[in-house]
Amino acid sequence: MKIDKNELSQKINKIKQIVPKRTSMPVLQGILVSDGYLIANNTELAIKAKVEGTEGESFIIPAKAFDLINNLPDGEVEIVPDHKGEAFSITIKADKIKNKYKTMDPDEFPMPNVGEAGGEFTIKAESLLTSMRRVSYAISDSGSNKIMNALCLRAADGTLNFVGLDGHVLAWDKVDFDGAFELLIPKGTVERLLAIGISGEVSIRHNKNGAIFTTDEYEIHTRIVDGKYFQYSKMFKTVPIHTVIARSEILDAMIRAKMCTEGRSPVKFTMKGNELNIAVMAMTADYFEAIDLQEEITEEFTIGFDARLMIETLKAFDCDNVALNLESAKMPMIIEAEDCDFRALVLPINMAN
């Protein structure tokens, strides 16, 4: 196989993050070159990256070769596979450089396969990634509840809903869409889709076992989480207290306040008239900042939040202003974008001493 070094290293770097460092299947500790694709697989998620000039090839690039390929000089790289009996190897050549690696039998590499037929739909990559990026921060990173470790992709009533929650925050975005289905996509798959940077049209085939996201350059095969998602829409109800604030101003203030918190010390919001007062009282700090509100609140209202959760939530928005909707100091605050259907819910912290 002969290929441009930059093209090879770019594609390897896009998919190598899913190559397992520890596995009961050593053959997975490498990237398979197979008939026009580079393929990485960890049995939960597999990515196929299209690479010209690899048609008819079949060999495995071991993980130990990735760094060498990245540091080869620009220009053409040649990879020559060889096997004698049960011994497999590849030789990498570039300019005056030559190195031989032991590798594994490519026939033992498990090929990704979504299995039986199911549904299929198409969406623009920009729309898919924008909504995934908005809600991904709210998907739980750990815990025994697998449903919370997944993004809910649910089509119903003329919309495609993107939802993530972890018990403290809930993020919900939606776009126009005709169809009906529900897929629970593992957070690791969402992170890879965002990191790869897919573009153009995305075809998504799915059934009860898995899904395939296909573009001109990539195929991302993923398992899906079994289960029924939470009734998230019921958590967003109409509440009596409403105002609007500049997103950058409250975000910057929360970042400064976070620097003054200790552990889970809450940041206190006090709102009245056209002003939001942000305060932190800790053993080593007594922080205060005032921010203008764009819509008046007639009665004084106080509520506390975890600064980290507020910062992550505000960063997920990309509009100039956000609406703040509140009911009581013990009920979640609902934050809404001014220019789209994206909204988030943040649970408060008890302000009792």
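None of these values were measured; they are calculated from a predicted model. (Residues numbered from 1 in each chain as written. Predicted model: local features only at pLDDT ≥ 70, side-chain atom pairs only at ≥ 80, totals over all residues. Heavy atoms only, no water.)

A. Inspection of the environment of Ser142 at higher detail. Here Ser142 lies in the loop between helix H3 (125–136) and strand E10 (150–156). Residue classification places Ser142 among the exposed residues on the basis of a relative accessible area of 55%. Ser142 sits 24 residues away from Asp166 along the chain, and the two C-alpha atoms are 9.2 Å apart. (Helix = DSSP H or I, 4+ residues; strand = E, 2+ residues; numbered from the N terminus. Buried < 20%, exposed > 50% of the residue type's maximum accessible area, 1.4 Å probe, protein only.)

B. Focus on a negative patch on the surface. Among the surface-exposed residues, Glu249, Asp252, Glu275 and Asp292 lie close enough to one another that they form a single negatively charged patch. In this structure, Asp252 sits in helix H5 (residues 247–258). (Patch = residues over 30% accessible without salt bridge, like charges linked within 9 Å, V, L, I, M, F, W, Y side chains within 5 Å. Areas by Shrake-Rupley, 256 points an atom, 1.4 Å probe, with all protein chains shown as cover. Salt bridge = Lys/Arg side-chain N within 4 Å of Asp/Glu carboxyl O. Lys, Arg positive; Asp, Glu negative; His and termini not counted. Charge placed at Lys NZ, Arg CZ, Asp CG, Glu CD.)

C. Region of the structure containing the sheet that holds strand E5 (residues 58–62). Read across the open sheet, the eight strands follow the order E5-E2-E3-E4-E16-E15-E14-E9; overall the sheet is antiparallel. Strand pairing shows two members of the sheet lacking a second neighbour, E5 and strand E9 (119–124), which therefore form its edges. Along the sheet, successive strands turn relative to each other by an average axial angle of 20°, direction set aside. Pairing of E9 with strand E14 (residues 201–206), which is carried by six bridges, proceeds in the antiparallel orientation. Bridged to Phe121 within E14 is Ile204. Strand contacts of H3: E9, E14 and strand E15 (210–214), with the helix running at about 90° to E9, the strand carrying the most contacts. (Pairing = 2+ DSSP bridges. Axes fitted to C-alpha atoms, helices over the stretch in contact; angles between N-to-C directions. Contact = heavy atoms within 4.5 Å.)

D. Focus on the pattern of salt bridges. The full count for this structure, using the stated rule, is 13 salt bridges. Between Glu201 and Lys124 there is a salt bridge, and its shortest N-O distance comes to 3.0 Å. With a gap of 77 residues between them, Glu201 in strand E14 and Lys124 in strand E9 connect regions that are remote in the sequence. When its relative accessible area of 43% is taken as the criterion, Glu201 is described as partly exposed.

E. Broad picture of the nonpolar core. One finds Ile61, Ile198, Phe213, Met254 and Phe269 to be the most contacted residues of the largest nonpolar core, which totals 98 residues. Among the elements that make up this core, the one with the highest residue count is strand E19 (residues 286–305) (seven residues). Residues within four places of Ile198 in sequence aside, it is in contact with Ala125, Leu128, Leu129, Leu193, Thr215, Tyr218 and Ile220. With 14 residues, the next largest nonpolar core counts Leu165, Trp172, Tyr229 and Leu345 among its residues. (Core = buried A, V, L, I, M, F, W, Y, C linked by side-chain atoms within 4.5 Å.)

F. Quick look at the packing of aromatic side chains. Overall, the coordinates contain nine aromatic pairs when judged by the stated rule. Plain terms: the ring middles of Phe121 and Phe181 are 4.7 Å apart, the flat faces sit at 25° to each other, and that makes the pair stacked. Taken together, the residues span a long stretch of sequence, with Phe121 in strand E9 and Phe181 in strand E13 (residues 181–186) at a distance of 60 residues. An aromatic cluster is present here, built from Trp172, Tyr229, Phe230, Tyr232 and Phe236 joined pairwise through their rings. If you follow Lys11 out to its NZ or CZ, it ends over the ring of Tyr218, 5.7 Å from the centre. Here the guanidinium or amino end of Lys48 rests over the ring plane of Tyr37, the centre of that ring lying 4.5 Å away. (Phe/Tyr/Trp six-rings, centres within 6.5 Å; stacked < 30°, edge-to-face > 60°. Lys NZ or Arg CZ within 6 Å of the ring centre and 35° of its normal.)

G. Main features of the packing of H3 against helix H4 (residues 187–196). Running from amino to carboxyl end, H3 crosses H4 at an angle of 130°, the nearest separation of the two axes being 10 Å. One element, H3, and the other, H4, form an angle in the oblique class. Note that H3 runs across H4; the crossing there is left-handed. Of the residues in H4, those in contact with Leu129, Met132, Arg133 and Ser136 of H3 are Lys187, Val190, Leu193 and Leu194. (Parallel < 35°, antiparallel > 145°, perpendicular 65-115°, else oblique. Left-handed = near helix turned anticlockwise from the far one by under 90°.)

H. Main features of the environment of Ala65. The residue Ala65 is located in the loop between E5 and helix H2 (66–70) in this model. Accessibility expressed as a relative area gives 0% for Ala65, which makes it buried. Note: C-alpha distance between Ala65 and Ala323 (258 residues apart in sequence) is 51 Å. Those residues in contact with Ala65, other than ones at most four positions away along the chain, are Ile92 and Tyr101.

I. Main features of helix H6 (residues 307–316). Here H6 lies mainly inside the structure; seven of its ten residues are buried. Turning to H6, its buried residues number three or more, namely Ala307, Leu309, Met310, Ile311, Thr313, Leu314 and Ala316. Backbone nitrogen of Arg308 and a side-chain oxygen of the N-cap are separated by 2.8 Å at the start of H6; the cap is Asp306. (Polar contact = N/O pair within 3.5 Å; in protein donor to acceptor, adjacent residues only side chain to side chain.)

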